[in-house]
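Each chain, letter by letter, is given below.
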Amino acid sequence: MIVSRLCAVLVAVAVATLAFPATSMQAQRVGSVPRDVALDVTRVFNTGATRKVRGDFTLGVGDTVRSDLAILNGNARLAGVVSGDVVVLNGDVVLAVGARIEKSLTVIGGTLQAPEGPAVGGEIRVWSARYRYQESGDTLIAETDVIARFSRWVTDDDETDSQSQLFVTTAHRYNRVEGLPIFVGPRFRTRQGDLRVRAELFGIFRTGDGLVWNDENLGHRVRFEVQRGDKGGVALGGRLFDEVEAMEQWQLTDAEVGLATFLFARDYRDYYERHGGQAYVRLFADRGHELRASWGEERWNSRRARDVWRLDDDVALRHNPVSDRGVVQLLTLSGTLDTRTESRHPRSGWYLRGEYERGTSGALSLAPLTDGLGRPSPVSRAPFPPRAIAYGRAFFDLRRYNRLGPNAQLNLRAVFGGWTNGDPLPLQRRLSVSGIDALPGFDFRRLMGQADAGTCATGDEGSYAGLGRPAQCERMALLQAEWKGDFRISLFGDDDDSDRRWRFSGRGADGTWVLFANSGRGWLVKRASPAATAAEPLTYGRRLVPAMGTWRTDIGGGFDFGDFGVYVAQAVSQPGLSPNVYVRLGRRF
């Protein structure tokens, strides 16, 4: 089993290597520009503090740009100093001797000429493929989807800065319930000064296990928003939707979940259907700071796992757990604080995401869980009539990035949340601490003992697997730390001492080494009624946190190449477990 997993990992590494070709000073990356890179350079260009240039640009010796610099459709010759990021779109770049860029340099649709060992503080990324975009006023909109690029109808009105588009695009996710969702429909945007209006009407077709036109494969998403302000302001909007939603989205990205499903038939999320509407208001400021309040009513339903396309059809997909069903009213308050140097490759700063949800339902049908949790179970099979519920739930994700030197970092993360008040949480809002993002030294939702601290499952492995291995914890806590530093491989005397984060040049490769440790667990909340015996070891008082000695802990290390990383993790709080080797797309956090 270990050998087969290792082979699969090596195949994934090879695929990732081919899919994300590297850059060097003299050679550009080939192929289309990755979506995250296109979105990143678009964000830099659209930021109000960025110095924007259309056409050719020259920065003389002794001159300084004290902000980010973005150049569109022109060549750049830089001999001075830029204190921020430099983005050149559809143009060539020449770095003269003595030029200095404090942060990163990204060139798309052009070439780079530079001396050996250029003074660039961050990454150097060069793509020969052109940067494709649309314009709405002074804002760029990156074309990041191949299907959309060739299937979009666009009209522009220069007098009103309006834009209407007909989209045929994917949802950029793949899973065992929907397959690959396809969005079709119009989107309209207009702008007058700092007032913007956006509207979209999309129909959703889910490929599932067959291209069949039926209710299970159809959905919709409608949105209307009015926004006042550019760098900061307020927005009012509303949504109507019939979508499939993931229950726990805080652990892995959509791309990682989709590739794991397609390549290895392992989907690390559970899903349910949401059908309803929502109104919201949000206050925003530059760099991603945001406060948001929303209220909505929606109907929750279960979705079944389907026979979606995957490389090995002989590997069965995990059942999608049955979820709670009924009409729910939701009041949600959330906020984001982001002081990181950049979102994709932060070197220092804080990131905090917090959310509180108040949910009520007059008649919610409860899905089964393992024995002893006050629900229908595979053992008792006792039916439960629909019941009224009212609950409160909070969730926080706090990260701190610390730059220890030019090529070293110490990063910390704390994730905690769950039940705050009212009735027990519905299944859609329960949590787990398991898998390659949280505790990679432990297998995904593997039942360990009669009371599992990672998933809050009880009983035997067969009963839990029959339910689809749902997340059952009402509270969770997770602490993570990582120490990172640059490394260089030079097997045959490569004397190139330039600092390039990701390079294949002959037989050498650069990247980042990572050492990490994780510790966390989940638990249930004790209420007035006594808990059943099976759940008693997992149950704690409302104001109590389980002792650190009961937490699960692992350590590990690996190599991060920016677009993907390869790691090995070993559980240290549980004896007798083998190390796990795994691949991540992008950073750990």
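Conventions used here
Sequence order sets the numbering: in each chain, residues are counted from 1 along the sequence as written. Since the coordinates come from a predicted model, pLDDT governs what is reported: local features require at least 70, and pairs of side-chain atoms require 80 or more to be given and counted, while whole-chain, interface and lining totals use all residues. Excluded from the side-chain calculations are hydrogens and water; all other atoms, namely the structure's heavy atoms, are used. What counts as a helix is a DSSP run of H or I of at least four residues, what counts as a strand is a run of E of at least two, and both are numbered from the N terminus. Only protein chains enter the accessibility calculation, which uses a 1.4 Å probe; a residue is then buried when its area is under 20% of its type maximum, exposed when over 50%, and partly exposed in between. Throughout, a residue-residue contact means that at least one pair of heavy atoms, one from each residue, lies within 4.5 Å. Surface accessibility in these figures is a Shrake-Rupley result with a 1.4 Å probe; residues are shielded only by whichever protein chains are displayed. Just to be clear on terms, a salt bridge is a Lys or Arg side-chain nitrogen sitting within 4 Å of an Asp or Glu carboxyl oxygen. When DSSP finds at least two bridges between two strands, those strands are taken to pair. The rule for a disulfide is simple: a pair of cysteine sulfur atoms within 2.5 Å. Note on aromatic pairs: the rings of Phe, Tyr and Trp (six-membered ring only in Trp) are paired at centre separations within 6.5 Å, and the planes decide the class, stacked below 30 degrees, edge-to-face beyond 60, tilted for the rest. Comment: the charge-over-ring label is applied if NZ (Lys) or CZ (Arg) is within 6 Å of the ring centre and within 35 degrees of the ring normal. pLDDT expresses how confident the predictor is about each individual residue, on a scale running from 0 to 100.

## Observations regarding the overall build of the chain
The helix and strand inventory of the chain stands at five helices and 34 strands. Within the span of the chain, comprising 589 residues, buried residues form 52% of the whole. Nonlocal contacts in the chain, meaning residues at least 24 apart in sequence, comprise 58% of its contacts between residues at least 6 apart. Within the structure as shown, the chain displays about 25,800 Å² of accessible surface, and the carbon and sulfur contribution to it stands at 58%.

## A word on the pattern of salt bridges
All chains considered together, the criterion is met by 38 salt bridges. For R587, the salt bridge identified is with D560, shortest N-O distance 3.3 Å. Remark: D560 occurs in strand β32 (residues 552-560) and R587 occurs in the segment after β34 (580-584); sequence separation between them is 27 residues. Each of the two residues, R587 as well as D560, counts as buried. Overlapping salt bridges bring together R176, E248, D267, D270, R318 and R445 as one network.

## Remarks on the sheet that holds strand β12 (residues 119-120)
The strand order β3-β6-β9-β12 describes an open sheet built from four strands, whose pairing is parallel. Two strands lie at the open edges of the sheet, namely β3 (64-65) and β12, each paired on one side alone. Bridge analysis of strand β9 (residues 100-101) against β12 gives two bridges, and the strand direction is parallel. What sits directly across from R100, in β12, is A119.

## Considerations on the state of the cysteines
In the structure shown here, the tally under the stated rule is one disulfide. Here C456 pairs with C473 through a disulfide, and the sulfurs are 2.2 Å apart. Disulfide C456-C473: torsion about the S-S bond near 105 degrees, hence right-handed. Taken as a pair, C456 in the loop between β27 (408-422) and α5 (461-466) and C473 in the loop between α5 and β28 (475-490) lie far apart in primary sequence, 17 residues in all. We classify C456 as buried; its relative accessible area is 0%. What makes C473 buried here is its relative accessible area of 0%.

## Focus on the packing of aromatic side chains
Both the distance between ring centres and the angle between the ring planes are used here to describe each pair of aromatic rings. Taken as a whole and judged by the stated rule, the model has 13 aromatic pairs. With a centroid separation of 5.9 Å and an interplanar angle of 50 degrees, the aromatic rings of W250 and F395 are classed as tilted. Linking W250 in the loop between β21 (233-246) and α4 (254-264) with F395 in strand β26 (residues 387-405), this pair joins segments that are 145 residues apart in sequence. Among the aromatic residues, ring-to-ring pairing joins F516, Y567 and Y582 into one connected group. Over the ring of F45 we find K52, and its NZ or CZ is 5.9 Å from the ring centre. Its guanidinium or amino end placed over the ring of Y280, R292 lies 4.1 Å from that ring's centre, counting from NZ or CZ.

## Structural notes on the pairing of strand β18 (residues 181-192)
In the sheet, β18 pairs with strand β19 (residues 195-206) via ten bridges, with the strands oriented antiparallel. Note that in β19 the partner of F188 across the bridge is A199. Linkage of β18 to β19, two consecutive antiparallel strands, is achieved through a turn of two residues, within which G193 is found at a positive phi near 65 degrees.

## With respect to the confidence of the model for the chain
For the chain, mean pLDDT is 84; residues scoring 70 or higher make up 85% of the total. Looking across the chain, the model is least confident in strand β29 (residues 504-505), with a mean pLDDT of 35, and most confident in strand β23 (residues 290-302), with 97. Across residues 494-509, where pLDDT falls below 50, the model places 48 contacts with residues more than four positions away in sequence or in other chains.

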